[in-house]
Amino acid sequence: MSTVTDVKKATEQLSPDDRWELFVWLRESQDVRNLQREELRRAIEVGLEQADCGDVAPLDISSIRSKVRERVK
């Protein structure tokens, strides 16, 4: 079994209050922030490499706005 599976199973056994506390702790955890930051850096690096190779798409601001509005709803 993977660690993720073990954590999921253990989380399912927590009370709603304990689950919420765990969620808040994870959200505020510096380790989690560091992992997210590294993931973002890798994604940016991939995007820059693609742009350097000419693999780009036109920027469609209206489409982006529409998607953001749908998410906000």
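Just above sits the structure.
Residues numbered from 1 in each chain as written. Predicted model: local features only at pLDDT ≥ 70, side-chain atom pairs only at ≥ 80, totals over all residues. Heavy atoms only, no water.

A closer look at the overall build of the chain
Condition: The helix count covers DSSP runs of H or I at least four residues long, the strand count covers runs of E at least two residues long, and both are numbered beginning at the N terminus. It is over C-alpha atoms that the radius of gyration is taken, and the globule rule equals 2.2 Å times the number of residues to the power 0.38. Buried residues are those whose accessible area, probed at 1.4 Å on protein chains only, stays under 20% of the maximum for their type, while exposed residues exceed 50% and partly exposed ones sit between those limits.
Of regular secondary structure, the chain possesses 4 helices and 0 strands. A globule of 73 residues ought to have a C-alpha radius of gyration of about 11 Å, yet the chain, at 19 Å, is considerably larger. Taken along its principal axes, the extent of the C-alpha atoms in the chain is 50 × 30 × 25 Å. Taking all 73 residues of the chain together, 3% fall into the buried category.

Comments concerning the environment of Gly54
Looking at the element boundaries, Gly54 is found in the loop between α3 (30–52) and α4 (61–72). Using a relative accessible area of 53% as the deciding quantity, one classes Gly54 as exposed. Sequence spacing of Gly54 and Ala10 is 44 residues, and the spatial spacing of their C-alpha atoms is 46 Å.

Describing the environment of Val72
As for its position among the elements, Val72 is in helix α4. Residue Val72 is classed as exposed on the basis of its relative accessible area of 67%. Taking the C-alpha atoms as reference, Val72 lies 21 Å from Leu59; in sequence the two are 13 residues apart.

Quick notes on the packing of aromatic side chains
Rule in force here: Ring geometry is summarised as follows: Phe, Tyr and Trp rings, the Trp one being its six-membered ring, pair when their centres sit within 6.5 Å, and such pairs are stacked at plane angles under 30 degrees, edge-to-face over 60 and tilted between the two.
One pass over the structure, following the stated rule, counts 1 aromatic pair. A centroid spacing of 5.2 Å and a plane angle of 35 degrees characterise the contact between Trp20 and Phe23, whose relative ring orientation is tilted. In this pair, Trp20 and Phe23 both sit in helix α2 (residues 16–28), 3 residues apart, roughly one turn of the helix. Looking at Trp20, the relative accessible area reads 53%, which means it is exposed.

Notes on a nonpolar patch on the surface
For the record, the criterion: Exposure above 30% relative accessible area and no salt bridge define the residues that can form patches, which grow by joining like charges within 9 Å and nonpolar side chains of Val, Leu, Ile, Met, Phe, Trp and Tyr within 5 Å. Residue exposure ignores everything except the shown protein chains as possible cover, and the areas themselves are Shrake-Rupley values with a 1.4 Å probe. A pairing counts as a salt bridge when a side-chain nitrogen of Lys or Arg comes within 4 Å of a carboxyl oxygen of Asp or Glu.
On the surface, Leu59, Ile61, Ile64, Val68 and Val72 cluster together to form a nonpolar patch covering roughly 490 Å² of accessible area. Summarising the element assignment, Leu59 is placed in the loop between α3 and α4.

What about the pattern of salt bridges?
A full pass over the atoms with the stated rule returns 3 salt bridges. Close ionic contact of Arg27 with Glu28 constitutes a salt bridge, the shortest N to O distance being 3.9 Å. Of the residues examined, Arg27 reaches a relative accessible area of 47% and is grouped as partly exposed. Using a relative accessible area of 47% as the deciding quantity, one classes Glu28 as partly exposed.

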